[in-house]
Amino acid sequence: LTAQLQQSPDDQALREKKTVPQERMQRAEAEFRKQFPTEQEYDQVLQIEVHGSKQQLREKIRRSLLIEEMLTTEIRDKAKVSEVAARAYYNANPKNFEHPEMFSIQTISIVPPPNSNAEVTEEARKKADSAFKLAKATKSYQEFGLLAEKVSDDDWHVNMGDRKAVDRDKLPPPVVNAALAMKPGQVSDLIQMGPAYTMFRLNAHIPAGRTPFQEVKAKIITDMEKSKSDQLRADMNKKLR
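A brief structural summary.

What counts as what
Residues numbered from 1 in each chain as written. Predicted model: local features only at pLDDT ≥ 70, side-chain atom pairs only at ≥ 80, totals over all residues. Heavy atoms only, no water. Buried < 20%, exposed > 50% of the residue type's maximum accessible area, 1.4 Å probe, protein only. Helix = DSSP H or I, 4+ residues; strand = E, 2+ residues; numbered from the N terminus. Arc of directions from axis to C-beta. Contact = heavy atoms within 4.5 Å. Pairing = 2+ DSSP bridges. Core = buried A, V, L, I, M, F, W, Y, C linked by side-chain atoms within 4.5 Å.

1. Observations regarding helix H8 (residues 173–180)
Here's step 1: Among the residues of H8, Val175, Val176 and Ala179 are the ones counted as buried. Buried residues of H8, seen end-on, are gathered within an arc of 100° and therefore sit on one face of the element. For H8, the exposed residues lying more than 90 degrees away from the buried face are Pro173 and Asn177.
Here's step 2: Summarising the contacts, the buried residues of H8 are in contact with strand E2 (102–110), strand E4 (191–193) and strand E5 (196–206).

2. Structural notes on the pairing of E2
Here's step 1: Burial of E2 is extensive: 9 of the 9 residues sit out of reach of the surface.
Here's step 2: Neither face of E2 is open: one carries Met102, Ser104, Gln106, Ile108 and Ile110, the other Phe103, Ile105, Thr107 and Ser109, and all of them are buried.
Here's step 3: As judged from the 4 bridges shared by E2 and strand E3 (residues 162–167), these two strands associate in the antiparallel manner. Within the sheet, the bridge partner assigned to phenylalanine 103 lies in E3 and is valine 166.
Here's step 4: Inspection of the sheet shows E2 paired to E5 by 9 bridges, in the antiparallel sense. Within E5, the residue paired with isoleucine 108 across the bridge is methionine 199.

3. Describing the nonpolar core
Here's step 1: Counting residues in each nonpolar core, the largest one holds 14 residues, and the members touching the most others are Ile108, Ile110, Ala135, Phe144, Leu147, Val151 and Met199.
Here's step 2: Elements represented by at least two residues in this core include exactly E2, helix H6 (118–137), helix H7 (141–151) and E5.
Here's step 3: In terms of residue count, H6 provides more of this core than any other element does, 5 residues in total.
Here's step 4: Setting aside residues up to four positions removed in sequence, leucine 147 forms contacts with Ile108, Ala131, Leu134, Ala135, Thr138 and Ser152.

Here is the structure:
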């Protein structure tokens, strides 16, 4: 608000918005006053900004609120993007919505500490065997996820073991080979990679392709509205200056 008080927009820009509800004015004045911890600081600002005139301060606050309202109305309303416009953008930019082959998985990993001795390594193997039996007995995303949170050592255990959709190229070959032979809902065999043991639940195998419009519609509209809003705001700021 302090910064807005220093603006001097052309009165022409505010011609259609001349009144501010009294309640809104009082609230704005109170908010402005709260910025200053002491009466002395408040009086100093008044003296610098409006030569000590509370009437001039109210007028500047009123103008500031009118500017704010005008910006909201002009930008918010004009920045609206319809579904038709969003679909047109989607159709015109197909490469933006292409994705590689992906696997949606949850993982449980048992990882012994670095440079573990034989005894610790054997304990990790036993823990992995036990976790594998429990994982194979799970019947749902929820059950596998709760088990992952309880026993897994990987970074995803705090999120139900869910790694979401991962590009095929970013997964180790043993995991990819296992996933290709599985159906959604199945749990893999126990896979050893170096000293670590991993098992995973396949939630979805997503072929390479183009993400359907309905899945990206909301994001397209949000992004387009933000871009349009930024441009409108920049144009409006030029006019206000």
